[in-house]
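Now for the letters of each chain:
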Amino acid sequence: NAGVMQNPRHLVRRRGQEARLRCSPMKGHSHVYWYRQLPEEGLKFMVYLQKENIIDESGMPKERFSAEFPKEGPSILRIQQVVRGDSAAYFCASSTEGYQAFFGQGTRLTVV
Amino acid sequence: SQKIEQNSEALNIQEGKTATLTCNYTNYSPAYLQWYRQDPGRGPVFLLLIRENEKEKRKERLKVTFDTTLKQSLFHITASQPADSATYLCALSFNFGNEKLTFGTGTRLTIIP
């Protein structure tokens with residue numbers, strides 16, 4: 001049973017480009033969460049999704065950021081027109097109905 | 001808004017001793033509290049969960065306590081080993097069934113041989 005898979009592990013984008021981060025939850029998990037970790041800071045919640053639904057996006061910036069979790073395929077976190085301040089590690093976690101989340105290894109986004 | 005403080009940014013402990021990490025929070029008590037381990041360049045790994053109506057939880061060399069009066073959780077690693085060196089994160093959740101976690105900034109633990 002593979003864990004939470006995130007790809008790519010490292011992503012470099014120039015300012016103004018789009019970044020797409022993918023997350024495949026653990027088998028049987030229907031809840032996906034995205035977190036951002038800035039250098040020397042704690043993980044900050046961004047968005048919580050279930051299949052085809054956004055449940056809570058209170059931590060996501062209103063502009064340029066979007067997330068989806070389609071019926072088939074991985075969850076996608078999309079950042080349009082990236083800026084230097086978007087450079088961070090982005091972690092995805094998945095769970096079932098219960099309380100324990102399993103995290104992926106993260107995608108490290110660098111904006112140059 | 002909820003604030004979470006973890007005792008110190010860095011903690012050095014002699015091998016074999018007990019390491020104790022502190023997590024303090026403000027405002028209302030969470031439904032449950034979790035501890036994670038994070039190694040450099042890796043994702044957080046779940047260690048222990050304790051619910052608001054529980055006082056203590058153990059797992060092998062790990063022990064967590066939860067005091068809702070003091071608004072504090074203590075995380076203990078007994079018989080510490082150099083392999084325990086990592087950053088330890090405290091995380092709170094307020095809603096059952098929703099794994100929206102509020103994390104502390106972590107304590108970087110180094111076990112000195």
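See the structure printed just above.
Residues numbered from 1 in each chain as written. Chains lettered and ligands numbered in written order. Predicted model: local features only at pLDDT ≥ 70, side-chain atom pairs only at ≥ 80, totals over all residues. Heavy atoms only, no water.

S.K.: Break down the overall build of chain A for me, with residues and values.
M.R.: Helix and strand counts for chain A come out as 0 helices and 11 strands. Shown N-terminal to C-terminal, the secondary structure of chain A runs as helices and strands in the order β-β-β-β-β-β-β-β-β-β-β. Taking 2.2 N^0.38 as the reference for a compact globule, 112 residues should give roughly 13 Å; the C-alpha atoms of chain A span a radius of gyration of 13 Å, in line with that estimate. Seen along its three principal axes, the alpha-carbon backbone of chain A occupies a region of about 40 × 25 × 25 Å. Looking at chain A residue by residue over its 112 residues, the buried ones come to 44%. In chain A, 50% of the contacts between residues at least 6 apart in sequence involve partners at least 24 apart. For chain A, the accessible area works out to roughly 5,700 Å², and carbon and sulfur atoms hold 46% of it. (Helix = DSSP H or I, 4+ residues; strand = E, 2+ residues; numbered from the N terminus. Rg over C-alpha atoms; globule rule 2.2 N^0.38 Å. Buried < 20%, exposed > 50% of the residue type's maximum accessible area, 1.4 Å probe, protein only. Contact = heavy atoms within 4.5 Å. Areas by Shrake-Rupley, 256 points an atom, 1.4 Å probe, with all protein chains shown as cover.)

S.K.: I'd love a proper account of the overall build of chain B, names of residues and values included.
M.R.: Scanning chain B from N- to C-terminus turns up 0 helices and 11 strands. Taking the principal axes of the C-alpha coordinates as reference, chain B spans close to 40 × 30 × 20 Å. For chain B, buried positions account for 47% of its 113 residues. Pairs at least 24 apart in sequence give 56% of the contacts found in chain B among residues at least 6 apart. Of note, chain B has its 14 positive side-chain charges centred 1 Å away from the centre of its 11 negative side-chain charges. (Lys, Arg positive; Asp, Glu negative; His and termini not counted. Charge placed at Lys NZ, Arg CZ, Asp CG, Glu CD.)

S.K.: Mind laying out the sheet that holds strand β7 (residues 62-67) of chain B, listing which residues take part and the relevant values?
M.R.: Residue and element names in this part refer to chain B. Strand order in the open sheet formed by 5 strands is β1-β3-β8-β7-β6, and the pairing between neighbours is antiparallel. The sheet terminates laterally at β1 (4-6) and β6 (56-59), the two strands that pair on one side only. Sheet twist, expressed as the average angle between the axes of neighbouring strands with direction ignored, equals 15°. Sheet analysis places strand β3 (residues 19-25) next to strand β8 (residues 72-77), joined by 6 bridges and oriented antiparallel. Each residue of the ladder has a partner; that of Ala19, found in β8, is Ile77. (Pairing = 2+ DSSP bridges. Axes fitted to C-alpha atoms, helices over the stretch in contact; angles between N-to-C directions.)

S.K.: Help me get a handle on the interface of chain B and chain A, residues and values and all.
M.R.: The interface is formed by 21 residues belonging to chain B together with 22 residues belonging to chain A. In this structure, the connection of chain B to chain A is made through 1 salt bridge. Between Asp56(A) and Lys100(B) there is a salt bridge; the shortest N-O distance is 3.2 Å. In this assembly, chain B and chain A are joined by 8 residue pairs in polar contact (both at pLDDT 80 or more). Of all elements in the fold, only β4 (32-38) and β5 (45-51) of chain B reach the threshold of two or more residues within the side of chain B that touches chain A. For the side of chain B that touches chain A, the leading source of residues is β4(B), giving 4 residues. Partitioning the side of chain B that touches chain A into residue classes produces 9 nonpolar, 8 polar and 4 charged. (Salt bridge = Lys/Arg side-chain N within 4 Å of Asp/Glu carboxyl O. Polar contact = N/O pair within 3.5 Å; in protein donor to acceptor, adjacent residues only side chain to side chain. Nonpolar A, V, L, I, M, F, W, Y, C, P; charged D, E, K, R; others polar.)

S.K.: Explain the state of the cysteines to me, and be specific about the residues and the numbers.
M.R.: Residue and element names in this part refer to chain A. If you walk through the whole model with that rule in mind, you get 2 disulfides over all chains. The partner cysteine of Cys23 in its disulfide is Cys92, sulfur to sulfur 1.7 Å. On the S-S bond that ties Cys23 to Cys92, the torsion sits near -50°, and the link is left-handed. Note that Cys23 is positioned in strand β3 (residues 19-24) and Cys92 in strand β9 (residues 88-95), a separation of 69 residues in sequence. (Disulfide = S-S within 2.5 Å.)

S.K.: Describe the side chain of Asp56(A), and please don't skip the residues or the numbers.
M.R.: Of note, Asp56(A) is situated in strand β6 (residues 53-56). Side chain to side chain, Asp56(A) and Ser58(A) meet in a polar contact 2.7 Å long.

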